[in-house]
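Understanding the architecture of this molecule
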Amino acid sequence: MVVAVVASTVVVGLAPATTAGAASSTIVVAADGSGDYENFWFAVDNASAGDTVEVESGTYDAGGGTDLNVLDKPLTIRGDPDPNAVGAGANAPVIGDYDYGPALVLTANASGTTIEGVVFEPRFAYGGVELSLAADETLSGVTIRDSEFRGIDRNSVVGIDGTEIDGNLDSFVVERVRFVGSGADGDRAGVHVVDDDDDSSTATGTTYANVAFLDNEFEDVGTAVEIQHGTDEGGMADVVFRGNVVAGEPDSMDYGFVLDTYARNASISGLTVADNDVNVSYNPFDVSTRDEGHDVTDVLVTGNDFETRNEQAILSVAGEPATPGTMARVAVENNTFTSSGDVRNVLLVTANDGVAVSDLVICDNTINSTGQADALSVAFSEASGVDISGNDMNGPDSGSSGLAVFVDAPDQYTGLVVEDVSIDGNDVETGGEGITFHTQTEAGVLRNASISGNVVTGYNQVGISLDGPMANGTFQDVAIDRNRVTVPTSNSAGLRLSGSGEAETRYFPAKPFTFANVSVTRNDVQAAEQAFSFTGRMARSTDAVRVDGNRFAMTATGTDLAGDANGMTVELFGTDAVDDFDLNVTNNTVTGAPTYGASVAATVGQTTRSSATVRFVGNHLNDSGVAALYLARPDSQYRTQAGNVTVTGNNVTNNAVAFYSDAWGTLATSGNYLAGNVVTADGQGAVGTDPASGSNALDVYDPATDGPDGVEVSCPTVTSGADESFLETDDTPPVAVFDRSPATVAVGEDVSVNASASTDDVGIAGYVWTFGDGTTTSGENATHQYAAAGDYTITLSVTDEAGNVNSTTRSVTVEAATTTTTPPPTTTTPPTTTTPPTTTTPPTTTSPPPTTTSPPPTTTSPPTTTTTSSPPPKTSPPPTEQPTERPTTERPTTERPTTTEPTTTAAPPTATATAAPTTTDAATTTAPPTATGTDDATSAPTTAASAAPTTNASAGTTTETPDEGSPGFGVAVAVLAVLATLAVGVRRR
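Residues numbered from 1 in each chain as written. Predicted model: local features only at pLDDT ≥ 70, side-chain atom pairs only at ≥ 80, totals over all residues. Heavy atoms only, no water.

With an unreviewed UniProt entry as reference, the chain is termed PKD domain-containing protein, source organism Halorubellus litoreus.

**Digging into the side chain of asparagine 566**
In this structure, asparagine 566 sits in strand β52 (residues 566–573). Within polar-contact distance, the side chain of asparagine 566 engages the side chain of threonine 569 at 2.9 Å. A distance of 3.2 Å separates a polar atom in the side chain of asparagine 566 from the backbone nitrogen of tyrosine 596. Every residue in contact with asparagine 566, bar those within four places of it in the chain, is listed here: Glu529, Gln530, Ala531, Met554, Ala593, Thr595, Tyr596 and Ser599. (Helix = DSSP H or I, 4+ residues; strand = E, 2+ residues; numbered from the N terminus. Polar contact = N/O pair within 3.5 Å; in protein donor to acceptor, adjacent residues only side chain to side chain. Contact = heavy atoms within 4.5 Å.)

**Overview of the side chain of serine 661**
Mapped onto the elements of the fold, serine 661 is located in strand β62 (residues 657–661). For serine 661, the side chain forms a polar contact with the main-chain nitrogen of alanine 663, separated by 3.2 Å. Here serine 661 is in contact with Leu631, Leu667, Asp682, Gly683, Gln684, Gly685, Ala686 and Val687, once residues within four sequence places are set aside.

**Focus: the pairing of strand β21 (residues 235–242)**
Within β21, 6 of the 8 residues are buried, which leaves the element mostly enclosed by the surrounding structure. Two elements, strand β18 (residues 207–214) and β21, share 7 bridges in a ladder whose sense is parallel. In the strand pairing of β21, alanine 212 is matched with valine 240. Relative to strand β24 (residues 267–274), β21 runs parallel, the two sharing 7 bridges. From the neighbouring strand, phenylalanine 241 faces β24, where its bridge partner is valine 273. (Buried < 20%, exposed > 50% of the residue type's maximum accessible area, 1.4 Å probe, protein only. Pairing = 2+ DSSP bridges.)

**Side note on the environment of serine 316**
Within the secondary structure layout, serine 316 lies in strand β29 (residues 313–318). Judged by its relative accessible area of 14%, serine 316 is buried. Each C-alpha atom of the pair serine 316 and asparagine 352 lies 8.1 Å from the other, and the pair is 36 residues apart in sequence. Once you skip the residues sitting within four places of it in the chain, serine 316 turns out to touch Val287, Ser288, Thr289 and Thr350. A distance of 2.9 Å separates a polar atom in the side chain of serine 316 from a polar atom in the side chain of threonine 350.

**What about the environment of proline 734?**
Residue placement: proline 734 occurs in the loop between β66 (686–688) and β67 (739–741). The class for proline 734 is buried, based on a relative accessible area of 1%. Among residues more than four places away in sequence, those in contact with proline 734 are Thr759, Asp760, Val798, Asp800, Asn804, Val805 and Asn806.

In structure tokens:
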């Protein structure tokens, strides 16, 4: 038998199949009474888990019963979703208040609920949907999409009110929902989820995981989304804000997205804020922790447009001494931040009080301040892997600054290390300070830091500043390299580098500041008062600090200055208790300094010697207003030790004075090219000159190869933010394959099915079998018995973990059960009559008696179905004694055996005339297929008229039917007639 395999049927995106026998239903709610219910809440209350409640257009208010708004089972509530736009469709139903309460309150048992295409419009300022969870309960798998929440204006009660949430959220998605407030001022939000559990002894706290807000609109709702977490040991994991729009009037749209943890040892792990457009009065984006032991990790803020009028965007982690916490793998990139108010910062990233920062990337952002706000402020105590690069920061107001990095910690923290820092390729235009890096932790270390390739312009107080007032502090492997700085105003500096320790006291030794491999190279600076300033107070160096290849151009006149206007100012203050300090000033170009091209003050007392040495080699000092090089004397008690200053190989041209010395001792100069200077030497100290005969070849700044244009900025990838696999749509259905065995069975026999060959790219969630006789079951394997014969189709439906369904079918044939027919005895004792004997012994000239012939093989039709073709002879018995023809539906020959007493005591004298040769009509003797599987289901029994041999099923012998003209033919006919008469009598009983 050939069994056909029907082509598979694929259904994508369906929910996982329910348990066999628990099929879901669709309930229709219609306000006009045309559906199953008129009342929305009655329909929800009477629905079963997994049902779909279809709500037709109309307005639905007041439940009319107790707690009918409590949803404690998973339902799909569907109105009129519009998947092509934010909000509900034009025919969406409007759900109002439920007896002065929210329309729906979701409990943990409502996990798996979907609400779509519904408008929630509370008349009494209650939220549309509220979450209510007890401790340790979890609400999961809830989706609200293509819906609207209108008129939100009640304090702390919003579209989703979480004031009673003590449990957990898992897989909670709000997508393409429109939140519209009433415009009233107040503490309210589009989505407000709050954990109110203040039990500090809770071992494991509340967790909000796999929460997403996608493509929603928030208008005049106070705060778009606020999630507050207050349970110890809990936190938030994998939270996504993507594609949302937040806007409104200044007094009615205050905050954008606020995530706040305020309990101990809580964490935020996995946060993505991407492609949102937020315009609010205060914080467009605020992620804060406010207690000890907080960890903020894997945060990605990218592609957003944030605008604030009064405050700032914040990413903040606060620690405490016992367990300060961490900030790790945080990326803020490709965003636009704009502030139109006088706020402190447009973007603030802080990790205070010992919080350890690692892999912090702030790259490729545009940060604008139209007021007096600083564009970007970053503060931490300890850090590794900080990259602030490629940003465009603008703040033209004199009170605003570009980038400020501040390293500080409480007094108990010492020896903290900030390392692997890159501040590269930023474009800063501000009226205040450009880029400042200030670190002041005791014994702190700034190591492997680069401030390179930045362009700083505007009316700045300082262009780029690296400042380290740290007792026992260290700058190690620090480079300020190839920046371009323009600070045209007075009382400002282009580049500033300083490090300060503490002098010895009566009770404590000196705590010097150490410079190790620090360089200022190939920068292009235009400044009014100070192009470059270097200060080392109580400082030492393990190797020379290099100031090399820079171009310092002065732009202001003397009348514009608040003090000395120098190309370079070097101040080294210390005592002989401080170790050696070496400073190399080489290959620099200084042009147009109003006062001094270079002023060097390496001062000690008159009776002590300084170990500080300054090498001034290969520079070009040109057009200085007072002197090209000045060895300074701050006051009458302190002067520079001239013997520690080397001046050689420089080109000194067109200055008022070439060398001016107020130092102790004689300043010896040699090999310098001197040309166009008004005076060669001057000052209170002696100067010795041994000039070069011609101009020295100098390796000075080259605009073609130096400066910021040659700096390539590439921000590292440190995180992808939240794990969004819970949002991924698996559109690939499973492959449904099964085997069934056997393909043909009898009624009551087992047929086995096996779906182990089915596959899916993610995973199979379940199998459902339909056997074609009204029964179903589930599981990878199953067995089934059929109660009736026939052809059946078995259907397998496979559902994967994403809800995709694939089905396939196969056929099975069920035959009637095999029956055993008891043959008649091989001999029959005829009744005692006066007629000739009716024994089955044939004449010697014939074959064995026909009475030894068994009934037709395997046929269930009785022999009485044989129809004679000729009328009975005159000597035949009365008609009532003749065999009566039966329909083919008569029961089979499994009746009593033919040994039953006959109803007739005499046979006709001429038995040979009982019947003419008979023929059997095949159509009237058709039997069903046998249980043994024969395909010859229409074979008729062998007739008496047949000349073919007949088979005895009992004995396995073959008996020939006599020929019509043979001597035994009449006897055989007579015997058959008697047997037929006996059979009729048996049936009539």
